[in-house]
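Descriptive analysis of the structure
So you can see what is in the structure, the chains are spelled out below.
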Amino acid sequence: MPTSTTDRTPAPVEPPARVALDGAPEADGTTRRRVLELVAGEGPVTAGELADRLGLTPAAVRRHLACLEDDGTIAVHDAGPASGRRGRPARRYVVSARGQSDLAGGYSELAAQVMRYLRETGGTDAVARFAADRYDAVVARYAPRLTATDPQERAEQLAGLLSADGYAASVRPVAGPLLPTVQLCQGHCPVQHVAEEFGELCEAEARAFSELLGTHVQRLATIAGGAHACVTNVPTVSVHATPQNLPTPAHRTSGTQEGTR
(Lines give C-alpha, C1' and ligand atoms only; values in the text may rest on other atoms or scores of the structure.)
Protein backbone atom coordinates (compact mmCIF):
# COMPACT_ATOMS: atom_id res chain seq x y z
CA MET A 1 0.00 0.00 0.00
CA PRO A 2 1.56 3.26 -1.05
CA THR A 3 2.48 5.71 1.65
CA SER A 4 0.61 8.99 1.52
CA THR A 5 2.55 12.12 1.00
CA THR A 6 1.55 13.27 4.45
CA ASP A 7 3.27 10.24 6.04
CA ARG A 8 6.60 10.76 4.31
CA THR A 9 9.51 11.95 6.42
CA PRO A 10 11.76 14.34 4.54
CA ALA A 11 15.19 12.94 3.88
CA PRO A 12 17.88 14.66 5.92
CA VAL A 13 19.61 17.40 4.03
CA GLU A 14 23.38 17.42 4.28
CA PRO A 15 24.72 20.84 5.16
CA PRO A 16 26.64 22.37 2.27
CA ALA A 17 30.38 22.19 2.48
CA ARG A 18 31.95 25.39 3.61
CA VAL A 19 33.46 26.99 0.57
CA ALA A 20 36.10 29.64 0.44
CA LEU A 21 35.59 32.75 -1.60
CA ASP A 22 37.64 31.25 -4.42
CA GLY A 23 35.40 28.17 -4.62
CA ALA A 24 37.87 25.82 -2.94
CA PRO A 25 36.98 23.86 0.24
CA GLU A 26 37.59 25.68 3.48
CA ALA A 27 40.98 24.98 5.10
CA ASP A 28 42.50 23.73 1.88
CA GLY A 29 45.89 22.58 3.14
CA THR A 30 47.36 22.25 -0.34
CA THR A 31 46.56 25.84 -1.23
CA ARG A 32 47.80 27.08 2.12
CA ARG A 33 51.07 25.24 1.65
CA ARG A 34 51.42 26.83 -1.79
CA VAL A 35 50.76 30.25 -0.28
CA LEU A 36 53.51 29.62 2.29
CA GLU A 37 55.95 28.53 -0.42
CA LEU A 38 55.17 31.62 -2.51
CA VAL A 39 55.63 33.91 0.49
CA ALA A 40 59.04 32.29 0.96
CA GLY A 41 59.98 32.76 -2.68
CA GLU A 42 58.39 36.13 -3.40
CA GLY A 43 58.29 37.87 -0.02
CA PRO A 44 57.82 40.58 1.02
CA VAL A 45 54.63 40.06 -0.97
CA THR A 46 51.04 41.32 -0.78
CA ALA A 47 47.78 39.37 -0.85
CA GLY A 48 47.01 40.88 -4.26
CA GLU A 49 50.32 39.73 -5.73
CA LEU A 50 49.79 36.23 -4.35
CA ALA A 51 46.26 36.18 -5.75
CA ASP A 52 47.59 37.00 -9.22
CA ARG A 53 50.10 34.14 -8.99
CA LEU A 54 47.55 31.61 -7.72
CA GLY A 55 44.54 32.67 -9.77
CA LEU A 56 42.48 33.27 -6.61
CA THR A 57 40.65 36.28 -5.25
CA PRO A 58 42.58 38.56 -2.89
CA ALA A 59 39.94 37.86 -0.22
CA ALA A 60 40.53 34.11 -0.47
CA VAL A 61 44.30 34.58 -0.25
CA ARG A 62 43.91 36.88 2.76
CA ARG A 63 42.01 34.07 4.51
CA HIS A 64 44.96 31.72 4.03
CA LEU A 65 47.39 34.46 5.07
CA ALA A 66 45.40 35.08 8.24
CA CYS A 67 45.61 31.39 9.16
CA LEU A 68 49.33 31.27 8.48
CA GLU A 69 49.86 34.44 10.49
CA ASP A 70 47.84 33.00 13.39
CA ASP A 71 50.01 29.85 13.23
CA GLY A 72 53.13 32.00 13.39
CA THR A 73 54.50 30.70 10.08
CA ILE A 74 54.42 34.11 8.36
CA ALA A 75 54.73 37.67 9.61
CA VAL A 76 54.04 41.15 8.30
CA HIS A 77 57.24 42.66 6.90
CA ASP A 78 58.47 45.84 8.54
CA ALA A 79 59.39 48.01 5.57
CA GLY A 80 60.68 50.84 7.72
CA PRO A 81 59.46 54.46 7.53
CA ALA A 82 56.61 55.28 5.18
CA SER A 83 57.59 56.36 1.68
CA GLY A 84 55.43 59.47 1.77
CA ARG A 85 52.62 58.01 -0.30
CA ARG A 86 49.12 58.77 0.86
CA GLY A 87 46.86 55.99 2.08
CA ARG A 88 47.50 52.88 4.08
CA PRO A 89 50.26 50.74 2.54
CA ALA A 90 49.43 47.17 1.60
CA ARG A 91 50.58 44.56 4.11
CA ARG A 92 53.55 42.58 2.83
CA TYR A 93 54.32 39.16 4.22
CA VAL A 94 57.49 37.16 4.81
CA VAL A 95 58.10 33.70 6.25
CA SER A 96 58.91 33.54 9.96
CA ALA A 97 61.51 31.34 11.65
CA ARG A 98 58.77 28.86 12.46
CA GLY A 99 57.64 28.86 8.83
CA GLN A 100 61.19 28.13 7.74
CA SER A 101 61.18 25.14 10.09
CA ASP A 102 57.91 23.89 8.64
CA LEU A 103 59.32 24.11 5.13
CA ALA A 104 62.56 22.39 6.14
CA GLY A 105 61.09 19.22 7.61
CA GLY A 106 62.19 17.38 10.73
CA TYR A 107 65.86 16.54 10.22
CA SER A 108 67.54 19.79 11.24
CA GLU A 109 68.25 18.74 14.84
CA LEU A 110 69.85 15.47 13.73
CA ALA A 111 72.03 17.39 11.26
CA ALA A 112 73.04 19.83 13.99
CA GLN A 113 74.02 16.93 16.26
CA VAL A 114 76.19 15.46 13.52
CA MET A 115 77.91 18.83 12.97
CA ARG A 116 78.53 19.23 16.71
CA TYR A 117 80.08 15.78 16.83
CA LEU A 118 82.29 16.69 13.87
CA ARG A 119 83.43 19.86 15.62
CA GLU A 120 84.11 18.04 18.89
CA THR A 121 86.13 15.28 17.25
CA GLY A 122 87.84 17.18 14.43
CA GLY A 123 87.77 20.82 15.50
CA THR A 124 86.56 23.88 13.61
CA ASP A 125 88.88 23.08 10.69
CA ALA A 126 86.96 19.85 10.12
CA VAL A 127 83.69 21.79 10.00
CA ALA A 128 85.16 24.26 7.50
CA ARG A 129 86.48 21.42 5.32
CA PHE A 130 83.09 19.70 5.39
CA ALA A 131 81.34 22.93 4.35
CA ALA A 132 83.86 23.51 1.56
CA ASP A 133 83.51 19.94 0.28
CA ARG A 134 79.71 20.22 0.40
CA TYR A 135 79.68 23.31 -1.78
CA ASP A 136 82.44 22.02 -4.06
CA ALA A 137 79.93 19.29 -4.92
CA VAL A 138 77.27 21.93 -5.56
CA VAL A 139 79.64 23.82 -7.88
CA ALA A 140 80.43 20.62 -9.78
CA ARG A 141 76.73 19.87 -10.19
CA TYR A 142 75.59 23.38 -11.12
CA ALA A 143 78.48 24.64 -13.26
CA PRO A 144 77.69 22.64 -16.46
CA ARG A 145 74.11 23.98 -16.36
CA LEU A 146 75.09 27.65 -16.13
CA THR A 147 75.42 28.40 -19.82
CA ALA A 148 74.69 32.14 -19.97
CA THR A 149 77.54 34.61 -20.37
CA ASP A 150 75.55 37.68 -19.32
CA PRO A 151 76.01 38.07 -15.53
CA GLN A 152 72.34 38.73 -14.82
CA GLU A 153 71.15 35.83 -16.96
CA ARG A 154 73.70 33.59 -15.28
CA ALA A 155 72.41 34.67 -11.85
CA GLU A 156 68.86 33.86 -13.00
CA GLN A 157 69.98 30.41 -14.10
CA LEU A 158 71.58 29.89 -10.69
CA ALA A 159 68.36 31.00 -8.98
CA GLY A 160 66.45 28.40 -10.99
CA LEU A 161 68.83 25.64 -9.90
CA LEU A 162 68.63 26.75 -6.28
CA SER A 163 64.83 26.82 -6.42
CA ALA A 164 64.79 23.28 -7.77
CA ASP A 165 66.80 22.32 -4.66
CA GLY A 166 64.31 23.97 -2.32
CA TYR A 167 65.84 27.42 -1.76
CA ALA A 168 62.93 29.49 -3.22
CA ALA A 169 65.44 31.70 -5.04
CA SER A 170 64.87 34.70 -7.27
CA VAL A 171 66.85 37.54 -8.84
CA ARG A 172 65.71 41.10 -8.16
CA PRO A 173 66.98 44.37 -9.59
CA VAL A 174 68.60 47.02 -7.42
CA ALA A 175 67.78 50.66 -8.11
CA GLY A 176 70.56 53.20 -8.46
CA PRO A 177 73.79 51.49 -7.37
CA LEU A 178 77.13 52.91 -8.43
CA LEU A 179 77.94 49.48 -9.83
CA PRO A 180 75.11 47.78 -11.79
CA THR A 181 73.89 45.06 -9.45
CA VAL A 182 71.16 42.50 -8.95
CA GLN A 183 70.35 40.64 -5.77
CA LEU A 184 70.11 36.88 -5.55
CA CYS A 185 67.45 36.22 -2.90
CA GLN A 186 66.82 32.87 -1.24
CA GLY A 187 63.48 32.84 0.54
CA HIS A 188 64.10 29.47 2.18
CA CYS A 189 67.17 27.80 3.63
CA PRO A 190 66.89 24.02 4.15
CA VAL A 191 69.88 24.13 6.52
CA GLN A 192 68.85 27.26 8.43
CA HIS A 193 68.99 25.84 11.95
CA VAL A 194 72.36 24.20 11.37
CA ALA A 195 73.74 27.36 9.75
CA GLU A 196 72.64 29.40 12.77
CA GLU A 197 75.27 27.51 14.75
CA PHE A 198 77.75 26.78 11.98
CA GLY A 199 78.38 29.92 9.94
CA GLU A 200 80.93 28.00 7.86
CA LEU A 201 78.01 26.77 5.73
CA CYS A 202 77.00 30.31 4.79
CA GLU A 203 80.61 31.27 4.08
CA ALA A 204 81.16 28.27 1.82
CA GLU A 205 77.88 28.91 -0.02
CA ALA A 206 78.83 32.54 -0.75
CA ARG A 207 82.19 31.42 -2.10
CA ALA A 208 80.46 28.84 -4.28
CA PHE A 209 78.21 31.57 -5.73
CA SER A 210 81.26 33.67 -6.51
CA GLU A 211 82.88 30.76 -8.30
CA LEU A 212 79.73 29.82 -10.22
CA LEU A 213 79.00 33.39 -11.32
CA GLY A 214 82.62 34.26 -12.06
CA THR A 215 82.45 37.50 -10.09
CA HIS A 216 82.88 38.88 -6.61
CA VAL A 217 79.61 38.70 -4.65
CA GLN A 218 78.66 40.20 -1.30
CA ARG A 219 76.31 38.73 1.27
CA LEU A 220 73.99 41.35 2.73
CA ALA A 221 71.81 39.15 4.93
CA THR A 222 71.11 35.54 5.84
CA ILE A 223 68.12 33.68 7.19
CA ALA A 224 70.46 32.09 9.73
CA GLY A 225 71.34 35.59 10.87
CA GLY A 226 67.70 36.50 11.46
CA ALA A 227 66.68 38.05 8.13
CA HIS A 228 63.63 36.87 6.19
CA ALA A 229 65.82 35.93 3.20
CA CYS A 230 69.42 35.27 2.27
CA VAL A 231 70.42 38.19 0.06
CA THR A 232 73.55 38.28 -2.08
CA ASN A 233 74.64 41.26 -4.17
CA VAL A 234 75.80 40.23 -7.65
CA PRO A 235 77.44 42.80 -9.97
CA THR A 236 76.10 42.69 -13.53
CA VAL A 237 79.50 43.69 -14.86
CA SER A 238 82.48 41.41 -14.50
CA VAL A 239 84.31 41.82 -11.19
CA HIS A 240 86.42 38.70 -10.98
CA ALA A 241 86.87 37.13 -7.58
CA THR A 242 90.38 37.11 -6.12
CA PRO A 243 91.70 36.01 -2.74
CA GLN A 244 91.51 39.68 -1.68
CA ASN A 245 87.86 40.20 -2.59
CA LEU A 246 86.22 36.86 -1.93
CA PRO A 247 82.72 37.28 -0.51
CA THR A 248 82.37 38.13 3.13
CA PRO A 249 79.16 36.70 4.58
CA ALA A 250 77.09 39.19 6.52
CA HIS A 251 74.82 38.59 9.49
CA ARG A 252 73.24 42.00 9.06
CA THR A 253 69.47 41.96 9.33
CA SER A 254 68.71 45.62 8.65
CA GLY A 255 69.36 48.02 5.81
CA THR A 256 68.92 47.28 2.14
CA GLN A 257 68.22 43.58 1.81
CA GLU A 258 66.58 43.37 -1.55
CA GLY A 259 65.99 45.27 -4.73
CA THR A 260 62.96 47.35 -5.54
CA ARG A 261 59.98 45.45 -6.75
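Residues numbered from 1 in each chain as written. Predicted model: local features only at pLDDT ≥ 70, side-chain atom pairs only at ≥ 80, totals over all residues. Heavy atoms only, no water.

Taken in spatial order, the 4 strands line up as 3-4-6-5 in an open sheet, and their pairing is antiparallel. The sheet terminates laterally at strand 3 (169-173) and strand 5 (218-221), the two strands that pair on one side only. Strand-to-strand, the axes of this sheet are offset by a mean angle of 30 degrees, without reference to chain direction. Most of the contacts of helix 8 (residues 200-213) go to strand 5, to which it runs at about 135 degrees, and overall it touches strand 4 (181-186), strand 5 and strand 6 (230-235). (Pairing = 2+ DSSP bridges. Helix = DSSP H or I, 4+ residues; strand = E, 2+ residues; numbered from the N terminus. Axes fitted to C-alpha atoms, helices over the stretch in contact; angles between N-to-C directions. Contact = heavy atoms within 4.5 Å.)

Now for helix 8. Along its 14 residues, helix 8 runs 20 Å from first to last C-alpha, staying within 8% of the 20 Å computed at 1.5 Å per residue. Of all 14 residues in helix 8, 10 are buried, a share of seventy percent or more. Along helix 8, the residues that are buried comprise Leu201, Cys202, Ala204, Glu205, Ala206, Ala208, Phe209, Ser210, Leu212 and Leu213. Against the buried residues of helix 8 lie helix 5 (108-142), helix 6 (151-164), strand 4, helix 7 (192-197), strand 5 and strand 6. One or two steps after helix 8, the chain reaches Gly214, where phi turns positive at roughly 70 degrees. (Expected span 1.5 Å × (residues − 1). Buried < 20%, exposed > 50% of the residue type's maximum accessible area, 1.4 Å probe, protein only.)

For soluble globular proteins, the rule of thumb is that nonpolar side chains tend to be buried together. Tyr135, Tyr142, Leu158, Leu162 and Leu184 are the most contacted members of the largest nonpolar core, which totals 32 residues. Among the elements of the structure, helix 5, helix 6, strand 3, strand 4, helix 7 and helix 8 are those that each provide at least two residues to this core. Of the residues forming this core, the biggest block, 8 residues, is contributed by helix 5. Setting aside chain neighbours within four positions, we find Tyr135 in contact with Tyr167, Leu201, Ala204, Glu205 and Ala208. (Core = buried A, V, L, I, M, F, W, Y, C linked by side-chain atoms within 4.5 Å.)

All right, on to the packing of helix 5 against helix 8 then. Between helix 5 and helix 8, the least distance of the axes is 9 Å, while the angle of their chain directions is 30 degrees. Pair helix 5 / helix 8 crosses with right-handed handedness. On helix 8, the residues that touch Thr124, Val127, Ala128, Phe130, Ala131, Ala132, Arg134, Tyr135, Val139 and Tyr142 of helix 5 are Glu200, Leu201, Ala204, Glu205, Ala208, Glu211 and Leu212. Counted by class, the contact of helix 5 with helix 8 contains 12 nonpolar, 1 polar and 4 charged residues. (Left-handed = near helix turned anticlockwise from the far one by under 90°. Nonpolar A, V, L, I, M, F, W, Y, C, P; charged D, E, K, R; others polar.)

Here the focus is the pattern of salt bridges. Using the criterion set out here, one finds 9 salt bridges in the structure. A salt bridge links Glu197 to Arg116; the nearest nitrogen and oxygen atoms lie 3.0 Å apart. Linking Glu197 in helix 7 with Arg116 in helix 5, this pair joins segments that are 81 residues apart in sequence. Taking the shortest distance from any N to any O, the salt bridge between Glu205 and Arg219 comes out at 2.3 Å. Of the two residues, Glu205 is situated in helix 8 and Arg219 in strand 5; the sequence distance between them amounts to 14 residues. (Salt bridge = Lys/Arg side-chain N within 4 Å of Asp/Glu carboxyl O.)

Looking now at the environment of Arg91. Within the secondary structure, Arg91 is located in the loop between strand 1 (74-76) and strand 2 (93-95). Residues Arg91 and Val76, 15 residues apart in the sequence, show an inter-C-alpha distance of 6.4 Å. Not counting the four nearest positions on each side in its chain, Arg91 is found in contact with Val45, Thr46, Ala47, Glu69 and Val76. Among the polar contacts listed, one links the side chain of Arg91 to the side chain of Glu69, at a separation of 3.1 Å. A polar side-chain atom of Arg91 sits 3.1 Å from a polar atom in the side chain of Tyr93. (Polar contact = N/O pair within 3.5 Å; in protein donor to acceptor, adjacent residues only side chain to side chain.)

Below, the discussion takes up the confidence of the model for the protein. Predicted confidence across the protein gives a mean pLDDT of 78, with 74% of residues reaching 70 or more. Across the protein, the element-wise mean pLDDT spans from 72 in helix 4 (residues 97-104) up to 96 in helix 8. Of the regions scoring below 50 in pLDDT, residues 1-7 engages in 1 contact with residues more than four places distant in sequence or in other chains. Here residues 248-261 scores under 50 on pLDDT; set against residues more than four positions off or in separate chains, the count is 42 contacts. (pLDDT = per-residue confidence, 0-100.)

Turning our eyes to something else, we now look at helix 3 (residues 58-71). Helix length check: helix 3 (14 residues) gives 20 Å between terminal C-alpha atoms against 20 Å at 1.5 Å per residue, within 8%. Those residues of helix 3 not exposed but buried are Ala60, Val61, Arg63, His64, Leu65 and Leu68. Of the surrounding secondary structure, the elements contacted by the buried residues of helix 3 are helix 1 (29-42), helix 2 (47-54), strand 1 and strand 2. At the exit of helix 3 stands Gly72, carrying a positive phi of roughly 85 degrees.

So, on to the layout of surface pockets. Taken as a whole, the second largest pocket spans an internal volume of roughly 250 Å³. Contributing to the lining of the second largest pocket are 15 residues, with Arg34, Glu37, Gly41, Ser163 and Ala168 lying nearest its centre. Contributions of two or more residues to the lining of the second largest pocket are made by helix 1 and strand 3. Along the lines of polarity and charge, the residues of the lining of the second largest pocket split into 5 nonpolar, 5 polar and 5 charged. (1 Å grid on protein atoms, 1.4 Å probe; cavity = no way out; pocket = protein on both sides within 12 Å on 5 of 7 lines; lining within 4 Å. Points joined across faces, edges and corners; volume = space filled by probe spheres on them.)

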